[in-house]
Amino acid sequence: MLKASNLGKSQESNSGRVMAQKKGKMQAAKGKSSAKNEKNRQQKVWKQVEAQREAARRQQTVKRLVIGIIAVLVVAAVALAGYLVAQSGNNKANGDVLSGKRPEKIATLSGQEAVDAAQGILLSEKGVYQATSGVPTIEMWFSYGCPACLNLEHQLGDKILAFAKDGKANLVLHPVATHALPWTIIAGNASMQVAAGQPDKALAFHQALIAAGYGVMFAKGEEVGWKDQGNSTLMTDPGKSLEKIKEVAKKVGVKDEIISSFKAEPQSALLEKWQKQWADAAGKQTQQVGTPMFASNGKLVENPINQDGSFNEDVLLGK
């Protein structure tokens, strides 16, 4: 039997434990509340920080946009100023070209570099790969196996060249491969080899190739020529094409070492490259490209020929 004094001590001990437990629970609850408050406070702070960052990003984006717009406007203003200056010195001719470099730039080059820059043959009153300042630039894309090209140059070839020879314009002749005949490719490559290695013979060789191609394609008359599109042994057989082209080159005085470099290859990476560049550039102005095609000061000419068969000189000269 417990004594009264021991019973009192036991009751006091139990009471102390209960109070301690209550105190612990209160402290734990207080700690949880404090942690929750702290978490809420941190989230609030992070939200404020993120809002500040977003505002800064937006401000930076606006700054960049404004700077970009200003830069575009500055470039446009400089371009416009340059254009107006050029026009003030030459109201009718700015020398622009649709493909290749300006004639004045080409004239500073020689050999294969000049040929590559012109993407063909440059002519002026000063000669081959020379340029006349202050006149328009006329460009013509053609193929040595294109019946329309051969027919046009047969009829108006001298008048085309007269634009350059008379000092009215710089003329750039661009050979491309719009007609997939061996003759087209072999003649085009040979023409550019002569232009690079013996430029003083480039024009004569070009004219002789046109005459030879026309003679073959239209040998049986205009109607037949248009019908068979050059499907003759000479134009479709690489070996025979090469033989004839070498013969033509020999007659106009091309050097033997250049003639010996001609090859009967029915493909040309160079002509195909130029053709793609021309088609890409021309495609920005028209939906359809073909040969022969003319441009004046970098703008395609839709109607270069008048109804009477003469050249539309005003349009070609950019008047």
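- If you look the protein up in an unreviewed UniProt entry, it shows as Thioredoxin-like fold domain-containing protein from Varibaculum cambriense.

So, the nonpolar core
For step 1, the next point in the chain: By size, the foremost hydrophobic cluster in this structure holds 64 residues, and its most contacted members are Y129, F205, I245, F262 and F294.
For step 2, the next point in the chain: The element that contributes the greatest number of residues to this core is helix α6 (residues 202–217), accounting for nine residues.
For step 3, the next point in the chain: Those residues in contact with F294 that lie beyond four places of it in its chain are I138, E139, M140, W141, L152, I160, L300, V301, P304, F311 and L316.
For step 4, the next point in the chain: Core analysis: the second largest hydrophobic core is formed by nine residues, V176, W278, A282 and L300 among them.

Concerning the side chain of S143
For step 1, the next point in the chain: Among the secondary structure elements, S143 is positioned in the loop between β3 (137–142) and α4 (147–165).
For step 2, the next point in the chain: The contact partners of S143, leaving out residues within four places of it in the chain, are C149, V176, T178, H179, T184 and T291.

Some remarks on the environment of W226
For step 1, the next point in the chain: Within the secondary structure, W226 is located in helix α7 (residues 222–228).
For step 2, the next point in the chain: Here W226 falls in the partly exposed class, since its relative accessible area comes to 34%.
For step 3, the next point in the chain: It is 6.6 Å that separates the C-alpha atoms of W226 and P147, two residues lying 79 residues apart in sequence.
For step 4, the next point in the chain: Those residues in contact with W226 that lie beyond four places of it in its chain are P147, A148, N151 and F218.

Re the confidence of the model for the protein
If pLDDT is low for a region, its predicted coordinates should not be looked at in detail.
For step 1, the next point in the chain: Residues of the protein with pLDDT of at least 70 account for 71%, and the chain-wide mean is 80.
For step 2, the next point in the chain: In the model, residues 1–7 has pLDDT below 50 throughout and makes zero contacts with residues more than four positions away in sequence or in other chains.
For step 3, the next point in the chain: Under a pLDDT of 50 for its full length, residues 60–93 has, in the predicted model, 12 contacts with residues more than four places off or in other chains.

How each quantity is defined
Per chain, residues are indexed from 1 in the order of the written sequence. Side-chain atom pairs in this predicted model are given and counted only at pLDDT of 80 or more, local residue features only at pLDDT of at least 70, and totals for whole chains, interfaces and linings cover all residues. Think of the side-chain values as coming from all heavy atoms in the structure, minus any hydrogens and water. As used in this record, nonpolar core signifies buried Ala, Val, Leu, Ile, Met, Phe, Trp, Tyr and Cys residues forming a set joined through side-chain atoms within 4.5 Å. Relative accessible area decides the class of each residue, using a 1.4 Å probe on protein chains only: under 20% of the type maximum gives buried, over 50% gives exposed, and in between gives partly exposed. Counting from the N terminus, the helices are the DSSP runs of H or I reaching at least four residues and the strands are the DSSP runs of E reaching at least two. Note on definitions: a residue-residue contact is assigned when non-hydrogen atoms from the two residues lie within 4.5 Å. Summary of the metric used: pLDDT quantifies the predictor's per-residue confidence within the range 0 to 100.

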